[in-house]
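# Examination of the molecular architecture
Next come the chains, spelled out residue by residue.
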Amino acid sequence: MTIKQLMIRNSNKILINSITFASKGPPKQFLSNLGSQLPYSSSSSSYALQIISNSNSKALSNPLYHLLPKTQNPNNIVTIIYSSLREDNSRLTHLQYDIKELLPHLGTNEISRVLLRCQSDSIAAITFFNWVRNDLALKPSNQNYCFLLHILAWSKEFKQAMVFLVELIRSSSPSEDLFRSLVLCCEDCNWDPVIFDMLIKAYVKEGMIREGFRSFLKMVEIGYVPSVIATNCLLNGLLKLNCIDECWQVYAEMGRVGIHANTCTFNILIHVLCQDEDISKANIFLEKMEEEGFEADIVTYNTLISCYCRKQRLSDAFYLYRIMYRRGVFPDLVSYTTLMNGLCKEGRLREAHQLFHRMIHRGLNLDIVSFNTLICAYCKEGKMHEARSLLHEMIGSRICPDSFTCRVLVEGHKKEGRMISALNLVVELERYGVPISWDIYDYLIVCVCEEDRPFAAKSLLERVLRRGYAPSVETYCKLIETLCKKDSVADGLLLKADMLQRNLKPNLTTYKALICCLCRMGKSREAECLMEEMVQCGDPEICKALVSMFCREKDVGKAESLMEFFARKFQIFDTESYNILIKTFCEFNDDANKLIELQDRMLKLGFAPNHVSFKQMIHGLWKAMEVEKDKLVLQLN
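Values in this document were obtained by computation on a predicted structure and should not be read as measured data.

Looking only at helices and strands, the protein chain features 33 helices and zero strands. Residue burial in the protein chain is summarised as follows: out of 637 residues, 49% are buried. Looking at the protein chain alone, contacts between residues at least 24 apart form 65% of all its contacts between residues at least 6 apart. Carbon together with sulfur atoms contributes 52% to the accessible area of the protein chain, which is approximately 32300 Å² in total.

Written out as structure tokens, the structure is:
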């Protein structure tokens, strides 16, 4: 049996607002019980300000302090600061110079005592708190924050309280129990239970859902009953994390401690059931909801319709759609769009379009999602004429196509082999003032290159570059490679220079295309210069590619020199390149001594052989021994 009001001792013996606790007994006993229930002992904190631990300030027990002038006596620091606050908040700036010698004595205890004197003046409390952390560069303790939060909540300064609560959460480690800290400060100041609801909301706001969940369990364990709004906030956060079991645990606790669920609670829980893909349980829960006097609203129906569509049970989804009208709940944009999407996924585009027109006839203001759903479906089916018609209808309705709309239409034309139409579409959209995202231009340029039309792609690139377009590395490389296939190496080199100017590195394939094109055109000197530039990039892939190329040409000396250069200048020790070198040497050289010398040189550079390296070395040495053996046999004969 719960009780409705609890008296808690504070400095003014004030009766707090109505609050429900499951625990009976005096406040001291309640707080002691709390300390024993939470993970660390109650001896680490205390309930009276006189014995609050003071880790920051110097000891104030010297009996000779009373002989000092008032402004130099450390025992007077709280009174001096509070008096200055009462006279004029702006005096704090000058005060820090007047009491410079006393400031080392301003610790956690003194900060808390000043805050407690400001309980009736939340502005003075905030001013003092900001002065401590900003002007004095002191870090307030969790206890200081908790006293300030209680003052702000008591003064109904909920917005400011939430700001400081979020700040406290961010500065605290996840292991710190902020709920316990807030409770332990209740006995010494005026407080409002809403601060505990705010703690749950703040945790959810910061994405610390599990911490909020743990705090909720601690609250109900000691008897505090959170509000249904805070509980719904927690449920919504758990739903987003897909914490299904925790959602039902919260719901069970709501029933146990007497938190009365509302329509929002039931909608969240129906969403939980639908997310768990248990539509039968969702229907049972809906019936229970109605038995308890709650009527399903548009959110409830939309959640269930969405679940039915995901499970491809469109007949059930449309049954709910018809039931809505009978119960006086009219489908909204979300209802229609969800049903349209379900129809489109089953290829029932005609019915989806009819539903689209029904939305218009019902006077609903269509949005970008409604149009995109149908346009995307038509593009997937290759019905580009219908998709373009919808695009024009969208623009006529003053709905600006987004990047998804443009991308879907461009890809639809590409899929149908109509790149000219795709390019014309982009030009048309530009004329209408529709912003085209850079990734769409990247896609178009690459697609035109794939159709072996590099000059058209280059023309498009030059046109959009003037608007500030920044091509991706892949776009540059694809265009350069396609130009080189057409022996337009001059254009390719200009694009490469533009890449380097933008701090973009050409890849190995691009360098290879340029070098091969220069060689075909008899420009060996330019090819060699480009080869040197490629080597200077220090790319391990380029090193491996060049070593492989020299080894194919049986030029082991150049391959070894290149590996030495990469090792000394770039600290690149590519084991694959090393293995290629050893394998090539063994294939074309039967001298065991030279093989061992090569290995020694590589080891001194820093190359680390692996099992493949040793296997090739053993094979090479065995081959050399066989050759020596054959030579010896010939000599004996």
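What follows concerns a negative patch on the surface. On the surface, a cluster of negative charge is contributed by Asp591, Glu597, Asp600 and Glu628. Along the chain, Glu597 falls in helix H32 (residues 592–605).

The full count for this structure, using the stated rule, is 22 salt bridges. Among the ionic pairs, Glu346 bridges to Arg348, the shortest N-O distance being 3.2 Å. Since its relative accessible area comes to 36%, Glu346 is described here as partly exposed. Ionic pairing is found between Glu430 and Arg463, a salt bridge with its closest N-O pair at 3.1 Å. Taken together, the residues span a long stretch of sequence, with Glu430 in helix H22 (residues 419–431) and Arg463 in helix H24 (residues 454–465) at a distance of 33 residues. Judged by relative accessible area, which is 18%, Glu430 ranks as buried.

Turning our attention to unusual backbone geometry. Positive phi, close to 55 degrees, is recorded for Ala137, a residue that is not glycine. Here Ala137 is to be found in the loop between helix H5 (122–135) and helix H6 (142–154). Among the residues examined, Ala137 registers a relative accessible area of 61% and is labelled exposed. Positive phi outside glycine occurs at Lys156, with the angle close to 65 degrees. You can see Lys156 is positioned in the loop between H6 and helix H7 (158–171). Relative accessible area serves as the criterion here: at 47%, Lys156 is assigned to the partly exposed category.

If you check helix H31 (residues 575–588), its first and last C-alpha atoms are 20 Å apart, about what 14 residues at 1.5 Å a residue would give, namely 20 Å. Here H31 has its buried residues at Ser577, Tyr578, Asn579, Leu581, Ile582, Thr584, Phe585 and Cys586.

As a further point, take the packing of helix H23 (residues 438–450) against helix H25 (residues 473–485). Here H23 crosses H25 at 20 degrees, and the two axes come no closer than 9 Å. With respect to each other, H23 and H25 are oriented roughly parallel. Viewed along their axes, H23 and H25 form a crossing whose handedness is left-handed. Where H23 abuts H25, its residues Asp442, Ile445, Val446, Cys449 and Glu450 lie against Thr475, Lys478, Leu479 and Thr482. Classifying every residue of the contact of H23 with H25 by side-chain character gives four nonpolar, two polar and three charged.

Relative to the 20 Å expected for 14 residues at 1.5 Å per residue, H7 spans 20 Å between its end C-alpha atoms, a close match to the ideal helical length. Every buried residue of H7 is accounted for by Ala161, Met162, Phe164, Leu165, Val166, Leu168 and Ile169. Elements that come into contact with the buried residues of H7 comprise H5, H6, helix H8 (178–184) and helix H9 (194–205).

Our next topic: the packing of aromatic side chains. Under the definition given, this model contains 22 aromatic pairs. A ring pair is formed by Phe128 and Trp131, whose centres lie 6.2 Å apart and whose planes are at 40 degrees; its orientation type is tilted. Of this pair, Phe128 and Trp131 both sit in helix H5, three residues apart, which is roughly one turn of that helix. Across the pair, Trp131 and Phe128 agree in class, each one buried.

Below, the discussion takes up the environment of Leu500. One can find Leu500 in helix H26 (residues 489–501). Discounting residues that sit within four places of it in the chain, Leu500 has contacts with Pro506 and Glu533.

In terms of nonpolar packing, the biggest core is built from 201 residues, with Ile81 and Phe196 touching the most fellow members. Those residues in contact with Ile81 that lie beyond four places of it in its chain are Leu92, Leu95, Ile99, Leu106, Val114, Phe128 and Trp131.

Mapping Asp177 onto the fold places it in the loop between H7 and H8. You can call Asp177 buried: its relative accessible area is 5%. Polar side-chain contacts of Asp177 include one of 3.3 Å to the backbone nitrogen of Phe179. Within polar-contact distance, the side chain of Asp177 engages the backbone nitrogen of Arg180 at 3.2 Å.

Another aspect to go through is the state of the cysteines. Covalently bonding the sulfur atom of one cysteine to the sulfur atom of another cysteine gives a disulfide. For the coordinates displayed, the defined rule picks out zero disulfides. With no disulfide of its own, Cys185 lies closest to Cys146 among cysteine sulfurs, the gap being 4.7 Å. Look at Cys185 and you get buried, because its relative accessible area is 5%.

Reading the values: the criteria
Residues numbered from 1 in each chain as written. Predicted model: local features only at pLDDT ≥ 70, side-chain atom pairs only at ≥ 80, totals over all residues. Heavy atoms only, no water. Helix = DSSP H or I, 4+ residues; strand = E, 2+ residues; numbered from the N terminus. Buried < 20%, exposed > 50% of the residue type's maximum accessible area, 1.4 Å probe, protein only. Contact = heavy atoms within 4.5 Å. Areas by Shrake-Rupley, 256 points an atom, 1.4 Å probe, with all protein chains shown as cover. Patch = residues over 30% accessible without salt bridge, like charges linked within 9 Å, V, L, I, M, F, W, Y side chains within 5 Å. Salt bridge = Lys/Arg side-chain N within 4 Å of Asp/Glu carboxyl O. Lys, Arg positive; Asp, Glu negative; His and termini not counted. Charge placed at Lys NZ, Arg CZ, Asp CG, Glu CD. Expected span 1.5 Å × (residues − 1). Axes fitted to C-alpha atoms, helices over the stretch in contact; angles between N-to-C directions. Parallel < 35°, antiparallel > 145°, perpendicular 65-115°, else oblique. Left-handed = near helix turned anticlockwise from the far one by under 90°. Nonpolar A, V, L, I, M, F, W, Y, C, P; charged D, E, K, R; others polar. Phe/Tyr/Trp six-rings, centres within 6.5 Å; stacked < 30°, edge-to-face > 60°. Core = buried A, V, L, I, M, F, W, Y, C linked by side-chain atoms within 4.5 Å. Polar contact = N/O pair within 3.5 Å; in protein donor to acceptor, adjacent residues only side chain to side chain. Disulfide = S-S within 2.5 Å.

The values are spatial; any link to function lies outside them.
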